[in-house]
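Per-entry structural report
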Amino acid sequence: MNAALQCLSHATPLTRHFLSGKFKQDLNKSNPLGTGGKLAMAYETVLKDLWMKVGIRSTSPNALKRAISQFAPRFAGFLQHDAQEFLAYLLDGLHEDVNRIRKAPYVEMPDVDGRQDMAAAGALAWDAHKRRNDSLVMDSFYGQFKSTCVCPQCNRVSVSFDAFNHVSLEIPQEQTAIVSLSVFVVRACNPAQQQVGSRPTRYAIHVRRSNPISEVIRELSKLTGIPRTRLHLSECQDREIVRLVQEQEMVSSLNQTNLLIAYEAESLDDGPGVTPSFHAVLRHKVVAPKDHLQQSDRTANDPFIGFPLLVSWPMNWTCRQVWEYLWHVVEDKVDEAYRDQYKEAMEFRLHNGKGKGVAVFPDLMGPQQDGTLSKRTSILPRQSDEGFLSFVGNAAVEEFLFIHVEWTDLAEGKSGQDATNGALDEDRFVAWSSHSSWQEFSAKRRAAQSNKGGVSLDQCFDTFVKPERLDERNMWYCSNCKEHVRAMKTMELWRLPNILVVHLKRFEFKNVLRRDKLETLVNFPLDGLDMGAHCGHPSSNYNQPRDDFVDDSVPAVYDLFAVVNHYGRMGFGHYTAFARNWDEQEISRDWQLFDDSTVRDVGQGDSVVSSAAYVLFYRRRIWS
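These remarks concern the structure in this document.

What counts and what doesn't
Residues numbered from 1 in each chain as written. Predicted model: local features only at pLDDT ≥ 70, side-chain atom pairs only at ≥ 80, totals over all residues. Heavy atoms only, no water. Helix = DSSP H or I, 4+ residues; strand = E, 2+ residues; numbered from the N terminus. Buried < 20%, exposed > 50% of the residue type's maximum accessible area, 1.4 Å probe, protein only. Areas by Shrake-Rupley, 256 points an atom, 1.4 Å probe, with all protein chains shown as cover. Core = buried A, V, L, I, M, F, W, Y, C linked by side-chain atoms within 4.5 Å. Contact = heavy atoms within 4.5 Å. 1 Å grid on protein atoms, 1.4 Å probe; cavity = no way out; pocket = protein on both sides within 12 Å on 5 of 7 lines; lining within 4 Å. Points joined across faces, edges and corners; volume = space filled by probe spheres on them. Nonpolar A, V, L, I, M, F, W, Y, C, P; charged D, E, K, R; others polar. Axes fitted to C-alpha atoms, helices over the stretch in contact; angles between N-to-C directions. Parallel < 35°, antiparallel > 145°, perpendicular 65-115°, else oblique. Pairing = 2+ DSSP bridges. Expected span 1.5 Å × (residues − 1). Polar contact = N/O pair within 3.5 Å; in protein donor to acceptor, adjacent residues only side chain to side chain. Salt bridge = Lys/Arg side-chain N within 4 Å of Asp/Glu carboxyl O.

Okay, the overall build of the protein chain next. A count of helical and extended segments in the protein chain gives 13 helices and 32 strands. When each of the 624 residues of the protein chain is scored for burial, the buried share is 49%. Carbon and sulfur atoms make up 48% of the accessible area of the protein chain, which amounts to about 31000 Å² in all.

This is the structure:
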């Protein structure tokens, strides 16, 4: 309690309001939600003892403690109480005691869904809240959350806006942190739209370990514009697809040593609008040049190169159409000047899942008997107008076809300049481009690695706004489905307060008898915390950037003025506080440490940032 009171007493506008006596004009003794003014009067006494009495070294807030314990018995007695819980109650109690609204009107909040103007909906919700709540505490400490719930069954979106007086942030830990996945996306080839090749693009996807893979697919779909049903996420290792990842699996089940590649292809499920298609896994390999009669004897020992590919095409295509399509998929792997030569020399060979060739195609170049083709080959004929299905129908017993893309290096066996002209460059087979999401993540990771360890406050805010699947104990009622469901919930900071109180959730619940304390260092700025990047966007289009929500005339830049520290374990620890003086025009550079009855100067804040920091108090440089 002492540490929380020291920090709150350094909230200059509120302290000035109480010390001047102006709060008495707003005392609301008839408010059933308040304490009849007793808490506000007791807080005034504490502030006068702290700031106006001369010659005393310490004071005991007995009157305040009695007022609180009378209306909140959990704070009675001499056991240590959580500073954040005490602070939240104190702010709510003070607000209700000085609430200028004497007769609060009934306000019905309309339902909000994702199709409405979020800026207008948020403003209406805040106006409705202000019609029942009006105080200097509200003006200084209260902001607004936006909460979005999405039903996993019918996709109904429900949005609500709620007032808050503090923000509780989860401290990312390895077992509960947001996982930043590196996912390569290979788009489907579409020669008709000049989309050829299969160069992957690297994306960064940030999801919780406890979320299902469907959330990874959803985020990828938003970033790429590819429908979810056409995205197939796979784990790859040693240049082959190890497995397709199912949407109901958890993110925590992913093998972190494997490469994640998402392929755009036709859906594997039969249904309306789905074109019956073959799905094939392609793997590149370089084979030695041989004459055609020996090509069927090529061994499986030639090494594979590059990324494996997953492609699909309609079942009614001819062999010629399939061959040309596969060529368009891989043609970007060689220099444009030599593509015709490579196209002439390369082959597509059909295999089964164990790597053995499947000879189902007619050998158009082989010997004939009685005018018929007597020999079969696993090489896809490039000139045949017969239906592809007519040859592989009985052999396609597996979910996927397996095709080896056999490249013959044009420079093989040559010397001098001829050995470099047109030579296969294996780097082209593993080349990729980076999406802006990956570039931004890489920049943040480099910045995090350059700091002094731990996690940053920005990372904590990033964790706060990430979507989270509700568990069985906190299900949400969907009015469409008429049942409680495990909705996907997203919290956002929608309206920022003038004084921002940040609670770092250091106590991790294990069971009813045990809460472990997290000693992770959180790096937070003393000056210049920019909250613009963490504040929600008023548009209902969530793909739009957030920057234009922040009014340039009122920057969302904050400076730290107080910190509650906690040492030890829950219930048996020790609280201290750091604080510095400020007003609306300027803030002191000098900090003081408050440790029970002891106060000492600590300079310009070199010791303020520590793993003991528990509650942070920021003031907005320019008040809104």
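Okay, back to it.
Let us now look at unusual backbone geometry. Located in the positive-phi region is Arg-239, a residue other than glycine, with phi close to 65°. Considering the arrangement of structural elements, one finds Arg-239 in the loop between β6 (231-237) and β7 (240-244). Here Asp-596, not a glycine, exhibits a phi torsion of approximately 55°, which is positive. Relative to the helices and strands, Asp-596 is located in the loop between β30 (592-595) and β31 (598-601).

With 49 residues, the main nonpolar core has Tyr-43, Leu-64, Leu-90, Phe-141 and Phe-617 as its most contacted residues. Beyond its immediate stretch of four places on either side in the chain, Leu-64 contacts Leu-5, Leu-39, Ala-42, Tyr-43, Val-46 and Leu-90. Judged by nonpolar contacts, the second largest core, of 46 residues, contains Leu-309, Leu-310, Val-334 and Leu-401.

Remark: the empty space left among the atoms is shown by a probe the size of a water molecule rolled over them. This structure, assessed with the given rule, holds two cavities of 30 Å³ or more. Around the largest cavity, the lining residues are Val-186, Arg-187, Ala-188, Cys-189, Gly-197, Ser-198, Glu-264, Leu-309, Leu-310, Val-311, Tyr-325 and Val-329. When residues of the lining of the largest cavity are traced back to their parent elements, those giving at least two are β10 (304-314) and α9 (319-330). The biggest single contributor to the lining of the largest cavity is β10, with three residues. Taken together, the residues of the lining of the largest cavity sort by class into eight nonpolar, two polar and two charged. What the second largest cavity holds in volume is close to 40 Å³. Lining the second largest cavity are Gln-84, Leu-87, Ala-88, Leu-91, Asn-165, His-166, Val-501, His-503 and Val-615. When contributions to the lining of the second largest cavity are tallied by element, the ones reaching two or more residues are α5 (83-97) and β23 (499-505). Of the residues that constitute the lining of the second largest cavity, the class distribution is five nonpolar, four polar and no charged.

The N-to-C vectors of helix α1 (residues 2-9) and helix α3 (residues 38-51) enclose an angle of 80°; their axes lie 11 Å apart at closest approach. Between α1 and α3, the angle falls in the class roughly perpendicular. Residues Leu-5, Gln-6, Leu-8 and Ser-9 of α1 lie in contact with α3, whose contacting residues are Tyr-43, Leu-47, Leu-50 and Trp-51. Counted by class, the contact of α1 with α3 contains six nonpolar, two polar and no charged residues.

Considering the arrangement of structural elements, one finds Val-281 in strand β9 (residues 277-287). The spatial distance from the C-alpha of Val-281 to the C-alpha of Ile-403 is 6.1 Å, given a sequence separation of 122 residues. Setting aside its immediate chain neighbours within four residues, Val-281 contacts Ile-241, Leu-309, Leu-310, Phe-400, Leu-401, Phe-402 and Ile-403.

The strand order β2-β1-β22-β19 describes an open sheet built from four strands, whose pairing is antiparallel. Every interior strand has two partners, whereas the edge strands, β2 (157-164) and β19 (468-469), have only one. As defined by bridge partners, strand β1 (residues 143-150) adjoins β2 across eight bridges and the pair is classed as antiparallel. Counterpart to Ser-147 in the pairing with β2 is Ser-160.

Let us look at the packing of helix α2 (residues 12-19) against α3. Relative to each other, α2 and α3 sit at 100°, their axes nearing to 9 Å. As judged from the angle between their axes, α2 and α3 are roughly perpendicular. Of α3, the residues touching α2 (which contributes Leu-14, Thr-15, Phe-18 and Leu-19) are Ala-40, Tyr-43, Glu-44, Leu-47, Lys-48 and Trp-51. Class assignment for the residues of the contact of α2 with α3 results in seven nonpolar, one polar and two charged.

Summarising the sheet, strand β29 (residues 574-579) and β30 pair through three bridges and their orientation is antiparallel. For Phe-578, the partnering residue across the bridge sits in β30 and is Leu-593. Of the pairings in the sheet, the one linking β30 to β31 comprises four bridges and is antiparallel in character. The residue bridging Asp-595 from the neighbouring strand is Thr-598, located in β31. Taking the residues between adjacent antiparallel strands as the criterion, β30 and β31 are bridged by two residues, where Asp-596 takes a positive phi near 55°.

A separate point is α3. Relative to the 20 Å expected for 14 residues at 1.5 Å per residue, α3 spans 20 Å between its end C-alpha atoms, a close match to the ideal helical length. When α3 is considered as a whole, its buried residues turn out to be Leu-39, Ala-40, Ala-42, Tyr-43, Glu-44, Val-46, Leu-47 and Asp-49.

Here we take up the side chain of Asn-258. Tracing the backbone through its elements, the reader meets Asn-258 in the loop between β7 and β8 (259-264). Here the side chain of Asn-258 touches Glu-235 through a polar contact of 3.0 Å, side chain to side chain. If we skip the residues at most four places from it in the chain, Asn-258 touches Glu-235, Cys-236 and Gln-237.

All right, on to the pattern of salt bridges then. Taken as a whole, this structure holds 31 salt bridges when the rule is applied. Here Arg-230 makes a salt bridge to Glu-266, at a shortest N to O gap of 3.5 Å. Taken together, the residues Arg-230 in the loop between α8 (213-224) and β6 and Glu-266 in the loop between β8 and β9 connect sequence positions 36 residues apart. A salt bridge links Arg-243 to Glu-235; the nearest nitrogen and oxygen atoms lie 3.4 Å apart. Classification of Arg-243 as partly exposed rests on a relative accessible area of 26%. The structure contains a network of salt bridges with shared partners spanning Asp-26, Arg-100, Lys-130, Asp-134 and Asp-139.

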